[in-house]
Amino acid sequence: MIERIWSGRSPLWLLLWPLSLIYGAVSSLIRLSYQRGWRKSWRAPVPVVVVGNLTAGGNGKTPVAIWLVQELQRRGVKVGVVSRGYGGKAERYPLLVNAETPTEQAGDEPVLIAQRSGAPVAVAPKRRAAVEALLAAQPVDLIITDDGLQHYALQRDREIVVVDGVRRFGNGWWLPAGPMRERASRLQQVDAVIVNGGAAEPGEIAMSLRPGEAVNLQTHQSVPLSALKKVVAMAGIGHPPRFFATLKQYGVTPVTEIAFADHHAYSKDELAGLVAADHILLMTEKDAVKCRRFAQPNWWYLPVEAELSGSAVAPLLDDIERLARQGADRAAD
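All values reported here derive from a predicted model rather than from experimental measurement. (Residues numbered from 1 in each chain as written. Predicted model: local features only at pLDDT ≥ 70, side-chain atom pairs only at ≥ 80, totals over all residues. Heavy atoms only, no water.)

A. Examining the sheet that holds strand 5 (residues 142-146) more closely. Strand order across the open sheet formed by 9 strands is 3-4-2-5-1-6-7-8-15, with mixed pairing between neighbours. The sheet terminates laterally at strand 3 (95-97) and strand 15 (304-309), the two strands that pair on one side only. Neighbour to neighbour, the strand axes of the sheet diverge by 25° on average, direction disregarded. Here strand 2 (residues 79-83) runs beside strand 5; their pairing, made up of 5 bridges, is parallel. Bridging across to strand 5, Val82 finds its partner in Thr145. (Pairing = 2+ DSSP bridges. Helix = DSSP H or I, 4+ residues; strand = E, 2+ residues; numbered from the N terminus. Axes fitted to C-alpha atoms, helices over the stretch in contact; angles between N-to-C directions.)

Right, dumping it as structure tokens:
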């Protein structure tokens, strides 16, 4: 239903329109208050790159953050990552995260980033606290924030926005009548726009999500996706239909497709009841980090890699690497 409302296919968005005006006014006022200096923002001692979005729902932001971390690591840049840690409830913040940190404490996306990249990760509702904890733990050349485009209390040196190339901006209205956190005109002020799927427009960087081999949660065995039969597909991400479409694109037609809310907290009994003994439960990697402690033998996940194409990719990486080198030089002086 929410997709129909946000796309404009349902007239119910009109009922929510007055609330959107309030959301937009508050959002604009917050940003203006930082621009005018009425509220103070903080500049980290190392450069900060924000990977965020303008809309609610899954756009592919975390795969882009992982891609950026790994590309910079290949260039010898020491990268740290900070996040709000949505869905996690730690006893205290900031929280330093590694691949073994429970998602109940850190949230699923920070644990996934730590697991995939090996980069140091810290979470806190206030990103400044996360940055300070990260820098106190170990030196880094650059900080990447997974989300946080609208967190103006933290100054940033570069902004990257990820856009769903199929859904784009829906009806264009602020939450809750539409999917927008900020209006589309904000794209004119960011440093790069990465478009996940669909057709990239002039000036945008095209991106696709390429699946790897399916991986068993218990044994870590990997097999080609096509080797899995009698698949029950589940996804608790911002936009589950993208995962189901990927499976079909690569030759897997699930017997059942089950969508959960983004950041859903799973239990063993809940998921075990979804599949018979001769079926395979196939989930996203983001779901898998929450299920690894109670995984069953017939549970698998599908990792994906962000692939960016176009002439603007190398200059973007060159620019961010140069930014990191300049930050490291300043810190050494």
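B. Geometry of helix 7 (residues 240-249). Within helix 7, burial applies to Pro240, Arg242, Phe243, Phe244, Thr246 and Leu247. Count one or two residues on from helix 7 and you reach Gly251, which has phi positive near 90°. (Buried < 20%, exposed > 50% of the residue type's maximum accessible area, 1.4 Å probe, protein only.)

C. Highlighting the nonpolar core. Counting 39 residues, the largest nonpolar core has Leu68, Leu142 and Ile144 as the members making the most contacts within it. Once you skip the residues sitting within four places of it in the chain, Ile144 turns out to touch Val49, Val51, Leu68, Val69, Leu72, Val79, Gly80, Val81 and Val82. Core analysis: the next-biggest nonpolar cluster, separate from the first, contains 24 residues, Val82, Leu134, Val161 and Leu187 among them. (Core = buried A, V, L, I, M, F, W, Y, C linked by side-chain atoms within 4.5 Å. Contact = heavy atoms within 4.5 Å.)

D. Up close: the packing of helix 3 (residues 61-74) against helix 5 (residues 108-117). In contact at an axis separation of 10 Å, helix 3 and helix 5 are set at 30° when each is read in the N-to-C sense. By the angle class used here, helix 3 and helix 5 are roughly parallel. Seen from above, helix 3 lies across helix 5 with right-handed handedness. Together, Lys61, Thr62, Ile66, Val69, Gln70 and Gln73 of helix 3 and Glu109, Leu112, Ile113, Arg116 and Ser117 of helix 5 make up the contact between the two elements. Within the contact of helix 3 with helix 5, the residues separate by chemical class into 4 nonpolar, 4 polar and 3 charged. (Parallel < 35°, antiparallel > 145°, perpendicular 65-115°, else oblique. Left-handed = near helix turned anticlockwise from the far one by under 90°. Nonpolar A, V, L, I, M, F, W, Y, C, P; charged D, E, K, R; others polar.)

E. Broad picture of the UniProt feature "binding site: ATP" (unreviewed entry) in the protein. Look at the UniProt record and you will see "binding site: ATP" (unreviewed entry) annotated at Thr55, Ala56, Gly57, Gly58, Asn59, Gly60, Lys61 and Thr62. When you line up the elements, Thr55 lands in the loop between strand 1 (48-52) and helix 3. Owing to a relative accessible area of 5%, Thr55 belongs among the buried residues under this scheme. Once you skip the residues sitting within four places of it in the chain, Thr55 turns out to touch Arg168, Phe169, Pro179, Met180 and Arg181. Reaching out from Thr55, the side chain makes a polar contact with the side chain of Asn59 at a distance of 2.9 Å. Tracing the backbone shows Asn59 in the loop between strand 1 and helix 3. By relative accessible area, which is 2% here, Asn59 ends up buried. When near neighbours in sequence (up to four residues on either side) are disregarded, Asn59 contacts Asn53, Val162, Val163, Asp164, Arg167, Asn196 and Arg242. (UniProt positions renumbered as here; feature names shortened; annotations may be inferred. Polar contact = N/O pair within 3.5 Å; in protein donor to acceptor, adjacent residues only side chain to side chain.)

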